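# Remarks on the overall topology
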Amino acid sequence: MPSIDLDKSDVVLLGDLNVNMLMNSTGCMKDKQELVKFARTFDFKQLIKEPTRIANTSRSLIDLVFVNNEHRISKSGIVPLTI
């Protein structure tokens, strides 16, 4: 079975995971806890800290970027766009 040696590889996991990672979010806590557990287990850090979806009545952080070698990332964040 193929495997990745996380100590020797730079891994980036990103996407719209539909799990709101904002500190005060009220969404599905079980999903959030599972994602945090996964990240801790494999020593991943979530880089994006600001809301990635902003509506008139809500804000959420669902577009996530996890990395295993945070020290190798020089800059991360969101690009403010309006559609």
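That block above? That's the structure.
We now turn to the structure provided with this report. (Residues numbered from 1 in each chain as written. Predicted model: local features only at pLDDT ≥ 70, side-chain atom pairs only at ≥ 80, totals over all residues. Heavy atoms only, no water.)

A few words now on the overall build of the protein. When helices and strands are counted, the protein shows 1 helix and 5 strands. Helices (α) and strands (β) of the protein occur, in sequence order from the N terminus, as β-α-β-β-β-β. With 83 residues in all, the protein has 27% of them scored as buried. Considering only residue pairs separated by 6 or more positions, the protein has 59% of its internal contacts joining residues 24 or more positions apart. Approximately 6900 Å² of the protein is accessible, and the part contributed by carbon and sulfur atoms is 53%. In the protein, the 11 positive side-chain charges and the 10 negative ones have mean positions that sit 5 Å from each other. (Helix = DSSP H or I, 4+ residues; strand = E, 2+ residues; numbered from the N terminus. Buried < 20%, exposed > 50% of the residue type's maximum accessible area, 1.4 Å probe, protein only. Contact = heavy atoms within 4.5 Å. Areas by Shrake-Rupley, 256 points an atom, 1.4 Å probe, with all protein chains shown as cover. Lys, Arg positive; Asp, Glu negative; His and termini not counted. Charge placed at Lys NZ, Arg CZ, Asp CG, Glu CD.)

Moving on, we get to the layout of surface pockets. Of the pockets and cavities examined, the largest pocket occupies roughly 360 Å³. Taken together, 14 residues line the largest pocket, and the ones lying closest to its centre are Met-21, Val-36, Gln-46, Lys-49 and Phe-66. Sorting elements by how many residues they give to the lining of the largest pocket places helix α1 (residues 29–41) first, with 4 residues. (1 Å grid on protein atoms, 1.4 Å probe; cavity = no way out; pocket = protein on both sides within 12 Å on 5 of 7 lines; lining within 4 Å. Points joined across faces, edges and corners; volume = space filled by probe spheres on them.)

Let us now look at the pattern of salt bridges. Under the counting rule described, the total for this entry stands at 2 salt bridges. A salt bridge links Asp-10 to Arg-72; the nearest nitrogen and oxygen atoms lie 2.7 Å apart. Pair noted here: Asp-10 is in the segment before β1 (12–16) and Arg-72 is in the segment after β5 (63–67), with a separation of 62 residues, a long-range link. Residue Asp-10 is classed as partly exposed on the basis of its relative accessible area, which comes to 46%. Between Lys-45 and Asp-43 there is a salt bridge; the shortest N-O distance is 3.2 Å. Look at Lys-45 and you get partly exposed, because its relative accessible area is 36%. (Salt bridge = Lys/Arg side-chain N within 4 Å of Asp/Glu carboxyl O.)

All quantities given are derived from atomic positions and should not be read as evidence of function.
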